[in-house]
Amino acid sequence: MKLLLLFFILISISYANILQETIDKASPGSILKLSSGVYPGQIVIDKPLTIIGKSHDVVIEGGGTGRVITINSSGVVLKNLTVTNSGGRMENLDSAIKMDKVSDCEISNCKILNSLYGIDMVMVQNSIIQNNYITSKKNDIELRGDALKIWYSNGNIIRNNRIDASRDITLTYSNNNIIEGNTITNNRFGLHIGLSRKNRITDNIFKYNSVAIIVMGVMDTNVTKNQIKSSKGAAGIGIVIKGSSNFHLEGNTISYNAQGIYIDSKNTEEGMQRYIKNNEISYNKEAMHFHAIIKNNTIRDNKIFGNIDDVVRDSRANVTIANDIGHNYWDRYAGFDKNGDNIGDTPHRVYQYADQLWEYNNKVKFFYASPVMSLMNFLASLAPFIDPVLLLEDKTPIVNIED
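Cut-off values and rules
Residues numbered from 1 in each chain as written. Predicted model: local features only at pLDDT ≥ 70, side-chain atom pairs only at ≥ 80, totals over all residues. Heavy atoms only, no water. Helix = DSSP H or I, 4+ residues; strand = E, 2+ residues; numbered from the N terminus. Buried < 20%, exposed > 50% of the residue type's maximum accessible area, 1.4 Å probe, protein only. Contact = heavy atoms within 4.5 Å. Areas by Shrake-Rupley, 256 points an atom, 1.4 Å probe, with all protein chains shown as cover. Pairing = 2+ DSSP bridges. Salt bridge = Lys/Arg side-chain N within 4 Å of Asp/Glu carboxyl O. Axes fitted to C-alpha atoms, helices over the stretch in contact; angles between N-to-C directions. Patch = residues over 30% accessible without salt bridge, like charges linked within 9 Å, V, L, I, M, F, W, Y side chains within 5 Å. Polar contact = N/O pair within 3.5 Å; in protein donor to acceptor, adjacent residues only side chain to side chain. Core = buried A, V, L, I, M, F, W, Y, C linked by side-chain atoms within 4.5 Å. Phe/Tyr/Trp six-rings, centres within 6.5 Å; stacked < 30°, edge-to-face > 60°. Lys NZ or Arg CZ within 6 Å of the ring centre and 35° of its normal.

Draft legend 1. Structural context of the overall build of the protein chain. Of the regular secondary structure elements, the protein chain holds 2 helices and 42 strands. The 403 residues of the protein chain split such that 49% are buried. Sequence-distant contacts, at least 24 apart, represent 52% of the contacts inside the protein chain between residues at least 6 apart. Of the roughly 18400 Å² of accessible surface on the protein chain, a fraction of 55% belongs to carbon and sulfur atoms.

If you want it as structure tokens, here you go:
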């Protein structure tokens, strides 16, 4: 038994020496093709190099310590590898793969398993992360690392990855990146973008995250053609928009969330800031939730139906001003279309009545959507005992939509 154990230890050491020594001795631009086996990690790549697994059972094993692979050179390509078992030190950002101040790299068709952080990208330019599966250690969600931590990184493509049961994907101080075709499930924040510009998020699937997408302090950003569904928990949110300008939310399906869209805008902001167009916003508890002011929004050509509330504002302060709202379909619209042009003869107005106390008092939310509250809403809309507050007006509502 001791001899067998010694044999496996020697084999492991041999693999480690062979792989790192081969990397060290290889000429820049070389292609290394790895045979089946388990190779110990803490690998450092400091020259342009391609490493390809010849089969699907090529494993680079971190041993539960530090980073498994560190990339310190531009022009590095990793393909068809399983990278697993990084360290667990949050303060050290232990990760499966660390990319540091590099460009023109590619990580594709890899599995990243049982690692605190998946891919830690610091000042990475013009690189491709595609067709990978990434998951974290099985810690409580707040003690996991980010599947992708993208910091001061520009011009990258994050495409067709499956990311499950990590903490977040974060993109900070990073511009001109494309995030497309990914499936992002069972995370805390599916995607958190902060203080970044000109990023494009398109054709992704977000499901079972606490918050699918949160954007804070972004500019010139497009979120298009995504499926944003089934955010988890009583406070599960499809998308949070805070402090952002020239933000385009277009062509998405936003369904089965506690709050479909949560907008936190500043009272001091000037000019049109958010463009919410051609989305389906359906079967949420709240379709659109505004924190304080409803201002500087273009809301056009959306299909809004099946929600318990279409528009909620959680503050008594401020007024509805400077919005461009029109050509939306509202399933609550009660007007007529006498000339058959599919545009309502009267505007669709969303009011806040005096009975809607749950918008300011969390204790009353226990009775939210109960029969008695629904009856109070109905009576208040028929004969309000004080003038209701107009939250939003669509002057040209669409009457019918195609199935």
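Draft legend 2. Layout of the pairing of strand β21 (residues 189-194). With respect to burial, β21 is a largely interior element, 5 of its 6 residues being buried. As paired elements, strand β18 (residues 168-172) and β21 share 4 bridges and run parallel to each other. Paired with threonine 170 across the strands is histidine 192, a residue of β21. The pairing of β21 with strand β24 (residues 211-216) spans 5 bridges and is parallel.

Draft legend 3. Expanded view of the pattern of salt bridges. In the structure shown here, the tally under the stated rule is 13 salt bridges. Salt-bridge contacts for arginine 274 lead to glutamate 269; the nearest nitrogen and oxygen are separated by 2.7 Å. Note that arginine 332 is salt-bridged to aspartate 310, the shortest N-O span being 3.0 Å. Residue arginine 332 is located in the loop between β40 (329-330) and β41 (348-352), and its partner aspartate 310 is located in strand β37 (residues 309-313); the two are separated by 22 residues in the primary sequence. In this structure arginine 332 comes out as partly exposed when scored by relative accessible area, which is 41%. What makes aspartate 310 buried here is its relative accessible area of 5%. A cluster of three or more residues bridged by salt bridges with shared partners is formed by Asp146, Arg167, Asp168 and Arg188.

Draft legend 4. Expanded view of unusual backbone geometry. Despite not being glycine, asparagine 109 has its phi angle at roughly 55°, a positive value. Overall, the relative accessible area of 42% leaves asparagine 109 in the partly exposed class. In this structure, tyrosine 208 takes a positive phi of about 65° despite not being glycine. On the secondary structure map, tyrosine 208 appears in the loop between β23 (205-207) and β24.

Draft legend 5. Quick peek at the sheet that holds strand β3 (residues 43-45). Reading across the sheet, the 12 strands line up as β3-β6-β9-β12-β15-β18-β21-β24-β27-β30-β33-β37 and stay open at both edges, with parallel pairing between neighbours. Looking at strand neighbours, the two that pair on one side only are β3 and β37, the edges of this open sheet. Pairs of neighbouring strands in the sheet enclose a mean axial angle of 10°, with direction left out of account. With 4 bridges connecting them, strand β15 (residues 148-151) and β18 associate as parallel partners. If you follow isoleucine 150 over to β18, its bridge partner there is leucine 171.

Draft legend 6. Spotlight on the pairing of strand β5 (residues 58-61). Judged from the 4 bridges that link them, strand β2 (residues 37-40) and β5 form a sheet pairing that is parallel. When the bridges of β5 are listed, proline 40 appears paired with glutamate 61. Bridging between β5 and strand β8 (residues 82-84) involves 3 bridges; their strand directions are parallel. Opposite glutamate 61, over in β8, you have threonine 84 as the bridge partner.

Draft legend 7. A nonpolar patch on the surface, seen in detail. On the surface, Met123, Trp151, Tyr152, Tyr173 and Leu195 cluster together into a nonpolar patch covering about 470 Å² of accessible area. With respect to the helices and strands, tryptophan 151 occurs in strand β15. What makes tryptophan 151 partly exposed here is its relative accessible area of 33%.

Draft legend 8. Local environment of the environment of aspartate 57. You can see aspartate 57 is positioned in the loop between β4 (49-53) and β5. Overall, the relative accessible area of 42% leaves aspartate 57 in the partly exposed class. C-alpha separation for the pair aspartate 57 and leucine 34, spaced 23 residues apart in sequence, amounts to 9.9 Å. The contacts of aspartate 57, once residues within four sequence positions are left out, are Ser36 and Gly37. A distance of 2.6 Å separates polar atoms of two side chains, one belonging to aspartate 57 and the other to serine 36.

Draft legend 9. Representation of the nonpolar core within the structure. Counting residues in each nonpolar core, the largest one holds 73 residues, and the members touching the most others are Ile97 and Met99. Those residues in contact with isoleucine 97 that sit more than four places away from it in its chain are Ile69, Ile71, Leu78, Val83, Ile107, Ile112, Gly118, Ile119 and Asp120. With 6 residues, the next largest nonpolar core counts Ile214, Ile237, Val240 and Tyr262 among its residues.

Draft legend 10. Local environment of the environment of threonine 70. Position of threonine 70 among the secondary structure elements: in strand β6 (residues 69-71). Sequence separation between threonine 70 and lysine 98 is 28 residues; the distance between their C-alpha atoms is 4.8 Å. Ignoring any residue separated from it by four or fewer positions in sequence, one finds threonine 70 in contact with Ile43, Val44, Ile45 and Lys98.

Draft legend 11. Layout of the packing of aromatic side chains. Applying the stated rule across the entire model yields 4 aromatic pairs. With a centroid separation of 4.5 Å and an interplanar angle of 75°, the aromatic rings of tryptophan 151 and tyrosine 152 are classed as edge-to-face. Measuring from ring centre to ring centre gives 5.8 Å for tyrosine 256 and tyrosine 283, while their planes differ by 10°; the resulting arrangement is stacked. Of this pair, tyrosine 256 sits in the loop between β29 (253-255) and β30 (259-264) while tyrosine 283 sits in the loop between β32 (280-282) and β33 (286-291); the two residues are 27 residues apart in sequence, bridging distant segments of the chain. The partly exposed category is assigned to tyrosine 283, whose relative accessible area is 43%. An aromatic cluster is present here, built from Trp151, Tyr152 and Tyr173 joined pairwise through their rings. Sitting over the face of the ring of phenylalanine 189, arginine 188 holds its NZ or CZ atom 4.9 Å from the ring centroid.

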